[in-house]
Structure formats: structure tokens, C-alpha cells
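Next come the chains, spelled out residue by residue.
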Amino acid sequence: MIAPGNHDDDRSSRPGGGEISCREALDRVYEYLDGELGPEWTERVDRHIEVCRRCWPRFDLERRFIRHIRERGFVPARSRRLEQRIRTLLWNDTGESAP
Amino acid sequence: METVDREARQEAFEREALVHLDELLGLALRLTGGDEARSEDLVQTTCLRAWERWGQYQAGTNCRAWLMTILRHAFINEYHSRRRAPTAVDYDDVGERSVFEELGPEDPESRFFEHLVDDRITAAIDALPEEFRVAVVLSDLQGLSYPEVAEALDVPVGTVKSRLHRARRRLQSELYDYARETGIVS
């Protein structure tokens, strides 16, 4: 199903003076958001999303999604059994081999 | 005198290094996809290695980051030695279309992920195929650049881009399906 928000290579949506299509921008969304795109393409994408009313919300959502994964994906975990095991190995058995 | 010195070093190691055990285990669990036994072994290896090298560690520098690096290296060594041949990851595009593309960005439901609890997110990361999961963990949870991930995994930068792209699409899709099944979105 093609939803209304779909971004095909619709050149009619391109801003006057813009250099890239929605598809060209969206294909690079993650590289752009990860800061891995390089200055030339970053500027092109910047110029596109500043004026494209369809791409900007998509980029914003992807950015929020990635930020959410980064913030919530890393969860410390506790294991008392492991703590015990490590302390036993470190302090009881091999103290002599310490630096 | 030697005993006193050893005790002081042990205390410093407890204070600066072992306080990060929970975070190390958290990282190991994401890298291994929730494998508790492997994760505990990785944390143990990390701690023993850190203690062996404790003399090289400069007090007051970022001990947490140093330990995380040791753990990543331990994992990556294991990852390479364990993989006899590349896993057959399903590289077709089925299910890897952006959920946001289908929803339409103005749809209020497009921010479904903000309503998910943390353990759904970690479960979705754990469920990714290993090649995708490791790329996401190194990049998104550890903050490595594409070239750093590429070097760690011994693959071209283009492969890192592709794996990250597919991994994030799968995460979106999996989390959106969950949100729908549980009524978070209709």
C-alpha cells in the first residue's frame, strides 16, 4: 500500500533551486543522522529537508527513533552470582599474578 | 609492605573498575543477544584482563570507557573465531521498508516507539540477526563511527551502512508490530 506520506522520487515536490529528490535524501537518512555523510551531501540533504514539508517530518521521526534506541537500548544488568565469581577469581585465587 | 600495596591496588580496582560490572553485563547481553552464560564469561574475561593491565591504567581517566573497550575487543575476538563462514542473513528487502514511510509522518501513531517499555526495546535488539545486532550495538549503544565498526568487524564501510540501515528498519518494524499487538497503537 502506498500511504499518502510515501516518498517516491517526486520531483514536483522539490524546492526551487534544490538539487536532490526526496528519494535521494531518504536513501541517506541514516548516514546523515549519524554524521557520516560527508560535507557535500550533508549540505545537499540540509538544503532539501529545510524546505521539503514531506521529508522533514520523516527525518525528524527517524532521528527520534534512533535517539530512543540509544537511550533505552542500553540497560545495565545485575548478577550477584557473577560478582561473586569475579571477586573470587580476582582476590582469592590469583592474587600473586597481579601486576 | 607488599601486602599493603596489593590491598591498596585491590581497593582502587574495586572502587574504579568493579563498580561498572552492571554496565559491562548490560553491554555484553546486548552484544550476545541476551545470552547470559556468554555474557557473564565476557564480563569475567574483561575484569581479569583489566586487572592484569591495571598497572597501565591511569587513575582518574575514564575507567568505564576503558573497560567497555576491553569487553568489546573480547567480544569481537570471540565473534571472529566463532564464525567459520558468514551467516546466511536474509538480505532481501521484505519487512525492511520504513514503518514511518507506511504510517505517514504526520500520523500521531508514528511515535509509537515512545510508548514502549525498555525491555521491549532490548528484546527487539536481541532478536536481530547477529550481524545486524552487533552493528547496532557498536554504533548506537557504543557510539563507534562507521569506519570504527568496519574495522572491528573486518568488513567494508558500505557493509556497515547496509547492516545498520536494515537493522534499524527491522527494529522499527518489530517494535511497531508489538505496539499494534498490544494495543499501544490501533
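Analysis parameters
- Residues numbered from 1 in each chain as written.
- Chains lettered and ligands numbered in written order.
- Predicted model: local features only at pLDDT ≥ 70, side-chain atom pairs only at ≥ 80, totals over all residues.
- Heavy atoms only, no water.
- pLDDT = per-residue confidence, 0-100.
- Core = buried A, V, L, I, M, F, W, Y, C linked by side-chain atoms within 4.5 Å.
- Buried < 20%, exposed > 50% of the residue type's maximum accessible area, 1.4 Å probe, protein only.
- Helix = DSSP H or I, 4+ residues; strand = E, 2+ residues; numbered from the N terminus.
- Domains from an automatic or database assignment.
- Salt bridge = Lys/Arg side-chain N within 4 Å of Asp/Glu carboxyl O.
- Contact = heavy atoms within 4.5 Å.
- Buried area = accessible area lost by both parts, 1.4 Å probe.
- Polar contact = N/O pair within 3.5 Å; in protein donor to acceptor, adjacent residues only side chain to side chain.
- Nonpolar A, V, L, I, M, F, W, Y, C, P; charged D, E, K, R; others polar.

Asks: For this particular structure, what's the right way to read the confidence of the model for chain B?
Replies: Atomic detail in the predicted coordinates should be set aside for any region of low pLDDT. Mean pLDDT for chain B: 89, with 92% of residues reaching 70 or above. At the level of chain-chain contacts, confidence expressed as ipTM amounts to 0.86, with global pTM at 0.85.

Asks: Sorry, what's going on with the nonpolar core here?
Replies: Looking at soluble globular proteins, one finds that nonpolar side chains tend to be buried together. One finds Phe-59 of chain A together with Phe-13, Val-43, Phe-112 and Leu-138 of chain B to be the most contacted residues of the largest nonpolar core, which totals 81 residues. Among the elements that make up this core, the one with the highest residue count is helix α4 (residues 63–82) of chain B (9 residues). Residue contributions to this core reach at least three from each of two domains, namely domain 1 (2–82) and domain 2 (91–181) of chain B.

Asks: Mind showing me how you'd approach the pattern of salt bridges here?
Replies: Pairing is possible between side chains of opposite charge, provided their charged atoms come close. If you walk through the whole model with that rule in mind, you get 30 salt bridges over all chains. The partner of Arg-169 of chain B in a salt bridge is Glu-62 of chain A, with the nearest N and O atoms 3.8 Å apart. One end of the pair, Arg-169 of chain B, is in helix α9 (residues 157–181); the other, Glu-62 of chain A, is in helix α4 (residues 55–72), on a second chain. Measuring nitrogen to oxygen at the nearest pair gives 3.9 Å for the salt bridge that ties Asp-22 of chain B to Arg-78 of chain A. Linking Asp-22 of chain B in helix α2 (residues 21–32) with Arg-78 of chain A in the loop between α4 and α5 (80–93), this pair reaches from one chain into another. Via salt bridges that share partners, Asp-60, Arg-63 and Arg-64 of chain A together with Arg-111 and Glu-114 of chain B belong to a single interconnected network.

Asks: Can you walk me through the interface of chain A and chain B in this structure?
Replies: Put simply, an interface is often sized by how much accessible area is lost when its parts join up. Each partner contributes residues to the interface: chain A has 44 residues there, and chain B has 56 residues. A buried area of about 4,700 Å², summed over both sides, lies between chain A and chain B, and 60% of it is on carbon and sulfur atoms. Counting across the interface, chain A meets chain B through 11 salt bridges. Note that Lys-161 of chain B and Glu-31 of chain A form a salt bridge whose closest N and O atoms lie 3.1 Å from each other. On the surface where chain A and chain B come into contact, there are 19 residue pairs in polar contact (both at pLDDT 80 or more). Mapped by element, the contributors of at least two residues to the side of chain A that touches chain B are α2 (29–33), α4 and α5 of chain A. When residues in the side of chain A that touches chain B are grouped by element, the largest group, 11 residues, is from α4 of chain A. A breakdown of the residues in the side of chain A that touches chain B according to their chemical character gives 21 nonpolar, 7 polar and 16 charged.

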